Each structure stands twice: as C-alpha cells, then as structure tokens.
Amino acid sequence: MTHASPLTIGQLLRTPLANTPGQEIIHADVMRYSYAGLWQRIRRLGAALTDLGVGAGSVVAVLDWDSHRYLECFFAVPMLGAVLHTVNVRLAPEQVLYTINHAADEVILVHEDFLPLIGAIAARIIRPVRFVLLQDRPGPAATALPLAGEYEGLLAASDGAFRFPELDENTRATLFYTTGTTGDPKGVTFTHRQIVLHTLAVIAAVGPVPGMGGLHRADVYMPITPLFHVHAWGFPYVATLLGLKQVYPGRYDPERLLALIAAHGVTFSHCVPTILNMLLGARTAEATDLSRWKVIIGGAALPAGLAERALARGIDIHAAYGMSETCPLLTAADMTASIAAPDGLALRCATGKAAPLVELEIVGADMAPLPHDGIATGEVVARAPWLTAGYLNDPSGSDSLWAGGWLHTGDVGAIDPAGTLVLSDRLKDVIKSGGEWISSLHLETVVSRCDGLAETAAIGLPDAEWGERPCLLAVLRPGADRAAVEAAMRAAIDAAIGAGTLSKWARPGRIEWCDSLPKTSVGKLDKRAMRAMVAKS
Ligand code: AMP
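What you see is a predicted model; the values in this text were computed from it and never measured.

Engineer: Quick one: what's the story with the sheet that holds strand β17 (residues 359-363), residue by residue and with numbers?
Structural biologist: The strand order across the open sheet formed by four strands is β17-β18-β19-β20, and the pairing between neighbours is antiparallel. In this open sheet, the two strands that pair with only one neighbour each are β17 and β20 (421-426). Pairs of neighbouring strands in the sheet enclose a mean axial angle of 45°, with direction left out of account. Inspection of the sheet shows strand β19 (residues 407-415) paired to β20 by five bridges, in the antiparallel sense. Residue pairing across strands places Ala414 opposite Val422, the latter belonging to β20.

Engineer: Break down helix α17 (residues 527-536) for me, citing the residues and quoting the values.
Structural biologist: Those residues of α17 lying buried are Lys527, Met530 and Val534. For α17, the angular spread of the buried residues around the axis is 50°, confining them to a single face. Facing away from the buried side of α17, by more than 90 degrees, are the exposed residues Ala535 and Lys536. The inward-facing, buried residues of α17 contact α15 (440-447), β23 (453-463), β24 (467-476) and β25 (510-513). For α17, the capping residue at the N-terminal end is Asp526, with a side-chain oxygen 3.3 Å from the backbone nitrogen of Arg528.

Engineer: How would you summarise the packing of aromatic side chains if you had to cite specific residues and measurements?
Structural biologist: Under the defined criterion, the tally for this structure stands at twelve aromatic pairs. Note on Tyr221 and Phe268: the rings are 6.4 Å apart at their centroids and 40° apart in plane angle, and the pair reads as tilted. Residue Tyr221 is located in strand β10 (residues 220-221), and its partner Phe268 is located in strand β12 (residues 268-271); the two are separated by 47 residues in the primary sequence. A relative accessible area of 1% means that Tyr221 is categorised as buried. In this structure an aromatic cluster arises from ring pairing among Tyr70, Phe74, Phe75 and Tyr237. In this structure, Lys186 packs its charged tip against the face of Tyr391, placed 5.4 Å from the ring centre. The ring of Trp406 carries the charged tip of Arg383 above its face, separated from the ring centre by 4.0 Å.

Engineer: Give me the lowdown on the pattern of salt bridges, citing residues and values where you can.
Structural biologist: Within this structure, the stated rule accounts for 20 salt bridges. Across the salt bridge formed by Glu24 and Arg32, the nearest N and O atoms sit 2.6 Å from each other. Accessibility expressed as a relative area gives 24% for Glu24, which makes it partly exposed. Its relative accessible area of 49% is what places Arg32 among the partly exposed residues. Lys294 serves as the salt-bridge partner of Asp219, at 2.7 Å between the closest nitrogen and oxygen. With Asp219 in the loop between α7 (192-206) and β10 and Lys294 in strand β13 (residues 294-297), this residue pair connects regions lying 75 residues apart in the sequence. Given the relative accessible area of 3%, Asp219 is considered buried. Assessed through its relative accessible area of 3%, Lys294 is described here as buried. Within this structure, Arg41, Glu72 and Glu152 form a network of salt bridges that share partners.

Engineer: Can you explain the domain arrangement of the chain? Please cite residues and give values.
Structural biologist: For the chain, the assigned domains are domain 1 (1-195) and domain 2 (429-536). On a C-alpha basis, the centroid separation for the pair domain 1 and domain 2 is 41 Å. With four residues of domain 1 at the contact, the number on the domain 2 side is four residues. At the boundary of domain 1 with domain 2, total buried surface from both sides reaches about 340 Å², with 41% on carbon and sulfur atoms. Applying the counting criterion to the domain 1 and domain 2 interface returns zero salt bridges.

Thresholds applied
- Residues numbered from 1 in each chain as written.
- Predicted model: local features only at pLDDT ≥ 70, side-chain atom pairs only at ≥ 80, totals over all residues.
- Heavy atoms only, no water.
- Pairing = 2+ DSSP bridges.
- Helix = DSSP H or I, 4+ residues; strand = E, 2+ residues; numbered from the N terminus.
- Axes fitted to C-alpha atoms, helices over the stretch in contact; angles between N-to-C directions.
- Buried < 20%, exposed > 50% of the residue type's maximum accessible area, 1.4 Å probe, protein only.
- Arc of directions from axis to C-beta.
- Contact = heavy atoms within 4.5 Å.
- Polar contact = N/O pair within 3.5 Å; in protein donor to acceptor, adjacent residues only side chain to side chain.
- Phe/Tyr/Trp six-rings, centres within 6.5 Å; stacked < 30°, edge-to-face > 60°.
- Lys NZ or Arg CZ within 6 Å of the ring centre and 35° of its normal.
- Salt bridge = Lys/Arg side-chain N within 4 Å of Asp/Glu carboxyl O.
- Domains from an automatic or database assignment.
- Buried area = accessible area lost by both parts, 1.4 Å probe.

Right under this line is the structure:
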C-alpha cells in the first residue's frame, strides 16, 4: 500500500534530528540546548497541551518575546492538529482582545511581561480560556488570572515519549492578524502543506547563492522580525530544517541584539529597514564586527542610503518582498549582484525576482496583464502554493483578496524584461499630483543618501490645484545641520528631475522636520498617521 507522505510541519524536524542532533538553540542568557533537547521539549509540550484539552482544531495563542518557547510552539501546536495563534503583542489592548475572541482561542500562553495586558481584557474574553504562564526566570507572578500552570513546570511533569497524531497536510496550522489602515484586524491562516512548501521555496530562493550571500549550513541564525509577524517570515522553520545554530533574542533592544551577534557569531538575520537603521545607529554599533552578517530586509522598501551604510560596515544586505497574506515570500533581490557593478546597489535594493513556484503579474484595473517593460506600472498580483486561502470568517474580504483568481497585493510596481519587480508604492500611498502618479518610494530613495538625514518618508497632501502635492517628512541625524541637509535633499531631487529619473511633479512642496516618524506595530512607516500628523500641523 502506498503512503502519500503528507507535507506536515513535523516532517521538518526529521533531517536536523538525524544529521545535527547536537546543534545548539540559544535563547539569549535564558536557555541553551540541543536539537535533541528541542525535540524532547516539543514532545513534552504536545503532552502538556493535550492534558489541557488541546486537540484537533483547537486554537492556542502565544504572547511572548522571541524565545525558545516560541520555537517549540511553532512545532508542537500545529503537530497536534491545533492552530497556533501568534498574537501581535504591539497591538492596542482592544485589538488584542478582538483577535483573541475572533480566533476563539482556548489556551493562551502568556509571558509575564504581558500579564497586565491580558489582565486588563480577560473579563471580556468570550470563551473559557486556560492560561499558561511563560517566564524567563522562575518566581511568583503577580496576577489575578487563574493560571492552569507555568510552562516549565508543565513540561517537566509531561511525557517525553508523547507521540503526535498523523495529520492531513491541508490541516490549518497557523493564524495571525494583519492590521489594515481601516477596520478590524483580519485573520490570516496557513496550512501545514503551505508552510512546508514555503520553507522549501525560501531555501531554494536564498540558499544556493555562491559566495557569502546565501543561507547555508554553517550559518548562525537570529531573527529580528518578531515571531508573531508572519512566523518571522518563515525563517525559524527554514533554520530548523537546515539544522542551523539558532539564537533567539528575547525582547528587542539594539545594544543587546548587537551583543548577541558578537557573542554567538550570528551570520544571518532578517528585519524591517527601521530596525537595521536603529542597530546601525546604536552606541555599540561601531565597535561590533558586522562583517560576517547577512541581512535580508523586507516588510518595506530598502532605501539605497541604508543599504550603502550597511555595506560600508561589511554587512551583506539585500531586499525581499512579501506580505502577511503570502506567508510571506514572493520575491528576493539579486544576492549575487556585486556592489562594485554600476547597477549593483539598485539590484540589491530592488523588490527582486519571483521566488520558485511564484507567478507574478502587474495588472490594470481590468485585470489585463501589463507588459514587462520596466515602465508600465500596475497592481502586483500573485499566485503560489502558499498564499492564504482567505481571511478567517470573512468571505467578502477573501473574495476581494482573490478577485479574478489572483491574490491582490495592493502594491503598485513595474516588471522589467529580465523579470525584476520594482515596487513604486502601496495603492493607497501613491501620490497623485497634476494627473501624474508619483512613487513615494522613488522620492524617498532619491533623498535617502543625503548625509545627516536619519529617516525620511514621502506622503501626498491634499492640494486644491493639483489634487495632491508631495510632502517629505524628515528626521535629522544628531549634530547635523538642518539647513544644509535640506539643501542637499532639494539638490538631489533637482538632479534626479534633471536626469529624467523623477517626474517634475515629485518636487515636494514641503519638507517637514520631526523628531521621529510614526511607525506601525511591526516597525514600518505609518503613512496614514503621517498624513494625519501633517494635516494637523
Ligand atoms: P505586511 O502584511 O504587514 O507584512 O505588509 C506587507 C506590505 O509591506 C507589502 O504589501 C508591501 O507594501 C510592503 N513591503 C514588503 N516588502 C517590501 C519591499 N521589499 N519593498 C517595498 N515594500 C515592501
């Protein structure tokens, strides 16, 4: 009798356990153990959760910093046939409550730092919930919540020989919420099959690259994208399948992240541009050797100026693109592009080429595909085996997401004849001035290399004559001269307009200086908040 070998998350553990059982997993200064130890603990967690009533279809929520416990949950919860709800701990308490009720969580694993957050909303959780306490150091926790137990205690008392059930590969494995600019958060789910295929595709996309660029067996992995954000872009599954040494940093703090990179020889990470900007600006950055560090930047466009600063420190940096609904990988920039080549920097910062098994198109409003000539711009639509089937309990949102049989990204871009996608904007952030569409990303890129500029963002502001006019928000680097930086920014824009690479409509009416730029819960520039901020000023 044949066996179909379903693509389930548990299968990802087989190879590292056979080949590298002694490889290390480290959670900052909290925990350190081998892959064999990881497997022991996953089995104990499976047993402990089963004792708490978790079974097929149950939803188990986690509120934790990036820890070894979170990695254990990435496996044990879906391997039970249950759904792992990774809670975005940076959402407002009301939104956290909404997601817990919408997801119908039955068990909530909560780090003691988030007890006040959960305590404040617990009375309004609709379903009966069992709470499990997560702690970095044992000790009494100040909470009135009725706790079903403490994580380490539960694991210690559970069966290390626990056997997980066989599952259908189409069983739902994970759930998290994405926050649009309006309305309630939307639940995005992925199946075992989708996560396994995504894991393999990430390896095929970022692994086989000659030289330093690619991800390989000798790498030491540390996420700097929270584990609640699209499974840290799927990299914990990738790192585990490859049997890499893994370092989980706990709560993010720039100095501590740099110290962990140095202490454990971290060579591979991923993060949004703002986090890298923060790390490079940290007090200890100059003294830390970053010359063996490879970083994938995603979640927002990689500004050329930031890429140059990183490359100057010896960091091997390039961009990748995706979104919550796409698990997230869609494209990766060319990692082989030599920085010395004339287009090297642009290729590393480009949104990139479709990853294996990804189909990409740019379409007009009628869904007709536009030419791949590097000029025509339209909405990016995608197909791949791991794109979410739709939003949880939201048939109309799911229908719009998949209108016409393609997943709509809401991003605008052009594809060149070589297949490289360059995003120019979010549909809702594009600046429409004098009948022209101005790419806010392009405008940001042009000024991003000005010395003395810490951060910048372009937004459209309503204008009676032109519809909208571009406005640049800017943050000055400490000690820089504001007038000189502003002059340099205007000169860079004029030069780009003169060279014909930027439309003359892109010349900003205003440059607004501020202390910091508003960010979303996952550290991206929040342009809606910026528009509101400037409108008030
Ligand atoms: P999220 O669902 O929160 O992960 O946000 C996804 C969105 O982030 C995408 O739809 C893009 O607008 C943006 N994004 C992600 N990666 C990139 C990139 N490499 N360049 C430009 N924008 C990006």
